[in-house]
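# Observations on chain architecture
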Amino acid sequence: AGRGGGISNDYGTVTIKNSIISGNIAEGPWGSGGGLSTYAGQVSIENSTIANNVSAKSGGGVEHIHSWDSLSSLTITNSTINGNTTDINGGGVFSSGAPLTINNSTISGNAAEKGGGIYRYNEAEINNSTITGNTANIGGGLFTYYGNVSLNQSLISGNAATDGREIFAFDGGSAINADNYNIFGYNGDDGIDFNPGASDIVPSVGVQLSDILDTDLADNGGFTQTHALIPGSPAIDALPSSLCSVPYDQRGIDRPQGTECDIGAYELVQIADNTPVGTGVEVDAGEGVIVTFNEVTDAGNTTAIRSTEPPQGSPSSSAFQFLGEYFDISTTATYTSPITVAINYDDSDLSQMEEEALVLFQYNEGLQEWQNITFSIDTNNNVIYGTSDSLSYFAAAIILTPAEALKNIADELQSAMDSHSGTSLGDKLEDVLAKVQTALDELEKNPPDNQAAVGNIGGAVGDLEAAVNEGLNPDQGTDFMDCLAGIARQLAVDALNYAIDHGGKPDEIGDAQE
C-alpha cells in the first residue's frame, strides 16, 4: 500500500480499541503509516498493539499528518507501539500538524532516521508512559520539531541515537515542558539536549538500564505487553501519590501499589509472596478469585486482573453469552497441575434458569478459542468452579438454548446476506438462512422436532461450505459451521433424553444416538 499499510483514513473519526495491527507494509515513494495513516480527523487508539509494521517514508507504526483543523487529534491510551520501522521519520509514531496525546502507553523497539520512537511537529503531551529501546540517527526516543511538548510522569530511558539518545529537541528544548517527575536516561547520563526539571530524575552513575526496567517487552497482564519495573528501580514510589494523574497503569493495575506511585506506564505490584510452597495451596488472587494449586514447588505471587473487555483476538460465539467480566489470572510461582479456579459472579440480573446454565470458560490463546472447564457451581454462594492445567483468561458465561443460539446465528447470517445483497454469495447465504429458519420453526413445535431441526442444520452447513467457496470469509464461515455443529450435537442429546424419558422405541433412541 502507499499510505496506510493496514488502515488509511482521511478526515474521518477513527476509534481503534482492543485491536492488533501488525505486519503491514506501506511502500513506494508515498509509503507512510505502515500500520495506520490518517490525514486529519480525530483518531483514538485504546488498549491496542501496533507492532512490526514498515513504511518507506514516515510513521512505521502510526502516521497522523497535516491538518490545522482544531478538531483533528491523535490520542493513544493504554497501548503498546513496538517493533515498527521506517526509513525517514517516526519509527513508532509520526505526528505533524495536530495535537498528539499519549497516555499510559509503551513505545518500544521502533526504528527510524529521526525519532526512533516518536517524531512530533506541533503540540504534544506524553503522560505516564514508557519510551525505551527505540533507535534512530537523531532522537532515539523522541524527535521534537517546534511546538510545545509536555512530558509528565514518564520514563524515557534506554533509547539509542548518535545525537539525542533519549530526546532531540530541534529548537534546543525551549518548547519542552518537563519538571513533572520524569526519568531521563541512565548511568548518570540524561541523554537529552535540555535541562531536566527539579522534580525530574536522572539515574545516578552505576544505575544501568537493567536496574530500571526489564528490557524485554513481555506479557505482564492486561491487554498489551509492557516493560516491568525491576525491584529497586528509581522509578518505584518516585511520584507522590497526591500527584498521580491516573489511578491505574497501562495494564489496569491500581496506582499506587506502594507508598507512592511509580513513574512510567507500569506500576510494580509490591506484595509479599501469597503463594507458598506446599500441596493443596489455596490463594486469594483478588477480585473474588480463589486459585488452588495441586502443589507449589517455588513460592511466588498469584494475581487476578479483572476487565470488562475480552482478551485480544478472542472469538465471539452465538452459543454462549459472557457475563461481562474477564479475569486475567497469572502467577510467578512454580506449580504442578491440576489447578482449581473459583470465581464469584453477580446473579442480580440472572434468572434461575440462566444461573443453572452458567459455565466457566478459559481462553486458549494458542488455539484462539474459549474452552469449557466447569466442574461445579455453588448457586447459594454465587461461585463457579473449573479445573485446568494452566492460567490465562477466565470468564463465566451462560450457555444459550439451541433456539436462542440459532436466533443469534440467524441475525448474523441476515447481516452477512444484506452486505452481499444482489450477488451470488448473497444468494447462497440466503439458502443457509432459510434452512436455519426452518430449523428454528421445527424447534418451536410442541414438542420440538429435534431430528428435523438437525437435518436442516446439516443442510445449512453444506450450504455454508458453498458460500465459503463463493467468497465468504473462511474464518466467519468456520465460526458459523462450528456453532451450528455444536447446536446439532446438543439437539441430538436432547432428542435422546426425550426418547428415553418418554419410553421411546429402540429404533427412535438409536436414531437420536446417531
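Just above sits the structure.
In this text, all values refer to a predicted model and were calculated from it rather than measured experimentally.

### Observations concerning the pattern of salt bridges
The full count for this structure, using the stated rule, is 9 salt bridges. Aspartate 249 is the salt-bridge partner of arginine 251, the closest N and O atoms lying 2.8 Å from each other. Of the two residues, arginine 251 and aspartate 249, neither departs from the other in class, the shared state being buried. Salt-bridge contacts for glutamate 287 lead to arginine 306; the nearest nitrogen and oxygen are separated by 3.3 Å. Remark: arginine 306 occurs in strand β30 (residues 302-307) and glutamate 287 occurs in the loop between β28 (278-286) and β29 (289-298); sequence separation between them is 19 residues.

### Things to note about the nonpolar core
Core analysis: the biggest nonpolar cluster contains 30 residues, and Ile45, Leu74, Ile118, Leu151, Ile167, Phe184 and Phe194 have the highest contact counts within it. Leave out the neighbours within four places in its chain, and isoleucine 118 touches Val93, Leu100, Ile102, Ile107, Ile126, Ile131, Gly141, Leu142 and Phe143. Among the nonpolar cores identified, the runner-up in size contains 24 residues, and Val291, Phe293, Val296 and Ala333 belong to it.

### Structural notes on the sheet that holds strand β3 (residues 20-22)
Strands sit in the order β3-β7-β11-β15-β19-β23-β27 across an open sheet of 7 strands; the sheet is parallel. With partners counted over all chains shown, the strands left at the sheet margins are β3 and β27 (183-184), one partner each.

### Considerations on the packing of aromatic side chains
This model, assessed by the stated rule, comprises 17 aromatic pairs. Seen in terms of ring centroids, tyrosine 326 and tryptophan 370 are 6.1 Å apart; in terms of plane orientation they differ by 40°. Their pairing is tilted. Here the residue tyrosine 326 occupies a position in strand β32 (residues 326-331), and tryptophan 370 occupies one in strand β35 (residues 369-372), the gap between them amounting to 44 residues. A connected cluster of aromatic rings, assembled from ring pairs, spans Phe322, Tyr326, Phe361, Tyr363 and Trp370.

### Brief notes about the pairing of strand β36 (residues 374-378)
Of the pairings in the sheet, the one linking β36 to strand β37 (residues 383-388) comprises 4 bridges and is antiparallel in character. Within β37, the residue paired with aspartate 378 across the bridge is valine 383. Between the antiparallel neighbours β36 and β37 lie 4 residues, among them asparagine 382 with a positive phi of about 55°.

### Let's talk about unusual backbone geometry
Omega for the peptide link from arginine 255 to proline 256 comes to -10°, which places this bond in the cis form. For proline 256, the position within the fold is in the loop between β27 and β28. Residue serine 337 is joined to proline 338 through a cis peptide bond whose omega torsion reads 5°. Although it is not a glycine, tyrosine 11 adopts a positive phi angle of roughly 70°. Tracing the chain through its elements places tyrosine 11 in the loop between β1 (7-10) and β2 (14-17). Positive phi, normally seen in glycine, also occurs at asparagine 122, with a value near 105°.

### As for the side chain of threonine 130
Relative to the helices and strands, threonine 130 resides in strand β19 (residues 130-132). Polar contacts involving the side chain of threonine 130 include one to the main-chain amide nitrogen of alanine 265, which spans 3.0 Å. For threonine 130, the contacting residues outside a window of four places in its chain are Ser105, Thr106, Ile107, Leu155, Leu213, Gly264 and Ala265.

### Focus: the packing of helix α3 (residues 424-443) against helix α4 (residues 450-470)
Contact geometry for α3 and α4: axes closest at 8 Å, N-to-C directions at 170°. Here α4 runs roughly antiparallel to α3, going by the angle between their axes. Seen from α3, the contacting residues are Ser424, Leu425, Lys428, Leu429, Asp431, Val432, Lys435, Val436, Thr438, Ala439, Glu442 and Leu443; seen from α4, they are Asn450, Ala452, Ala453, Asn456, Ile457, Gly459, Ala460, Asp463, Leu464, Ala466, Ala467 and Glu470. Residues belonging to the contact of α3 with α4 are distributed by class as follows: 13 nonpolar, 5 polar and 6 charged.

Here is what the cut-offs are and how they apply
Residues numbered from 1 in each chain as written. Predicted model: local features only at pLDDT ≥ 70, side-chain atom pairs only at ≥ 80, totals over all residues. Heavy atoms only, no water. Salt bridge = Lys/Arg side-chain N within 4 Å of Asp/Glu carboxyl O. Buried < 20%, exposed > 50% of the residue type's maximum accessible area, 1.4 Å probe, protein only. Helix = DSSP H or I, 4+ residues; strand = E, 2+ residues; numbered from the N terminus. Core = buried A, V, L, I, M, F, W, Y, C linked by side-chain atoms within 4.5 Å. Contact = heavy atoms within 4.5 Å. Pairing = 2+ DSSP bridges. Phe/Tyr/Trp six-rings, centres within 6.5 Å; stacked < 30°, edge-to-face > 60°. Polar contact = N/O pair within 3.5 Å; in protein donor to acceptor, adjacent residues only side chain to side chain. Axes fitted to C-alpha atoms, helices over the stretch in contact; angles between N-to-C directions. Parallel < 35°, antiparallel > 145°, perpendicular 65-115°, else oblique. Nonpolar A, V, L, I, M, F, W, Y, C, P; charged D, E, K, R; others polar.

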